[in-house]
Amino acid sequence: MIVRTETYKDMEEDIATLMDVDEMFLYETMHDISEKCLCGFHSDWDKYESLIDDFITEYADLDIIDEIYVYHLSRHIVQPKELWPLRELLITENEFSDFLKKNKIHFMLREDNLEFYYDNRLISPEQILQSGHFHLLAKRLGYLGEADYCVNGFSFWPNIDKTSEGYFQDLQRGPEILENLGRFIGKDLWRDYKKQSKYYGIVFKVPMLEIIYDGIDGLFTKEERAGFFIKKALFYLNDCYRNCPGGNNLMLRISDTKKVVVDHCILIKEDDVL
């Protein structure tokens, strides 16, 4: 089973199925939990979390969840069929690396390390670090220890513009690496790239045992990972019930070396981006 997360209705229906209850019972239970945790104008978060854990333990058949959807926000010149880790994206032939080459930027791999060239000159890690304010670029290219090349995204699509901690607005300008490179060479690369591209929510599936929750350790079994995901889904759904979408949109990622097949793309109208 995979829990659909593209609309609140999808989430409600599939979580109810997972728990073998109807949608009204799910709604009423979440309402009762919220009421029990009210302390004046505030909520007892520890109690709220504990009651939802108990609800999941009593009703949810976590073992039947095999995959989850991930929502990756990105601009693309051509609607993608696959998403590549950053290193592969930079060193292979594709629309993004072609755009960089037209702006005199290219990358090569030497002894498993990325080499950055601008205007046919090799730019050393030391040049980036010594130029000031470019530690993020150095980190993304793997020059500050462990690299971060992974494909990542969010767990839930509804209200992602309000629940992604500003990423929805930031990424409509283009990939972060593009802004990092543009600042380093002194060009607003993102402006040209934005004109040539469209903004998408790119949806892909990941097996439960392959998903990595950002900043969360100790979830080793399929059931532990599924339980954590359903708890976050219930938080998110309950925010909808209470008409207060918040910041419970869980960030997900996969291994730095893995590419993913795109399930489908959601075209984001530019009018939807603030």
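Residues numbered from 1 in each chain as written. Predicted model: local features only at pLDDT ≥ 70, side-chain atom pairs only at ≥ 80, totals over all residues. Heavy atoms only, no water.

Student: Mind laying out the layout of surface pockets, listing which residues take part and the relevant values?
Tutor: Reported here for the second largest pocket is a volume of approximately 210 Å³. As for the second largest pocket, its lining consists of 14 residues, of which Met30, Ser34, Glu35, Asn238 and Arg242 are closest to the centre. Residue contributions to the lining of the second largest pocket peak at 5 residues, all from helix H2 (residues 23-36). For the lining of the second largest pocket, a count of residues per class yields 7 nonpolar, 4 polar and 3 charged. (1 Å grid on protein atoms, 1.4 Å probe; cavity = no way out; pocket = protein on both sides within 12 Å on 5 of 7 lines; lining within 4 Å. Points joined across faces, edges and corners; volume = space filled by probe spheres on them. Helix = DSSP H or I, 4+ residues; strand = E, 2+ residues; numbered from the N terminus. Nonpolar A, V, L, I, M, F, W, Y, C, P; charged D, E, K, R; others polar.)

Student: Explain the packing of aromatic side chains to me, using residue names and the numbers behind them.
Tutor: A full pass over the atoms with the stated rule returns 18 aromatic pairs. Ring geometry for Phe99 versus Tyr193: centroids 5.1 Å apart, planes at 70°, classification edge-to-face. In this pair, Phe99 is assigned in helix H5 (residues 95-102) and Tyr193 in helix H11 (residues 189-196), connecting sequence segments 94 residues apart. Here the aromatic cluster, defined as three or more aromatic residues joined through ring pairs, consists of Tyr8, Phe156, Phe229 and Tyr236. One residue, Arg173, lies across the ring of Trp190, its end atom 3.8 Å from the ring centre. The ring of Trp84 has Lys259 sitting right over it, with the charged end atom 4.9 Å from the ring centre. (Phe/Tyr/Trp six-rings, centres within 6.5 Å; stacked < 30°, edge-to-face > 60°. Lys NZ or Arg CZ within 6 Å of the ring centre and 35° of its normal.)

The values reported here are purely geometric and, on their own, carry no functional implication.
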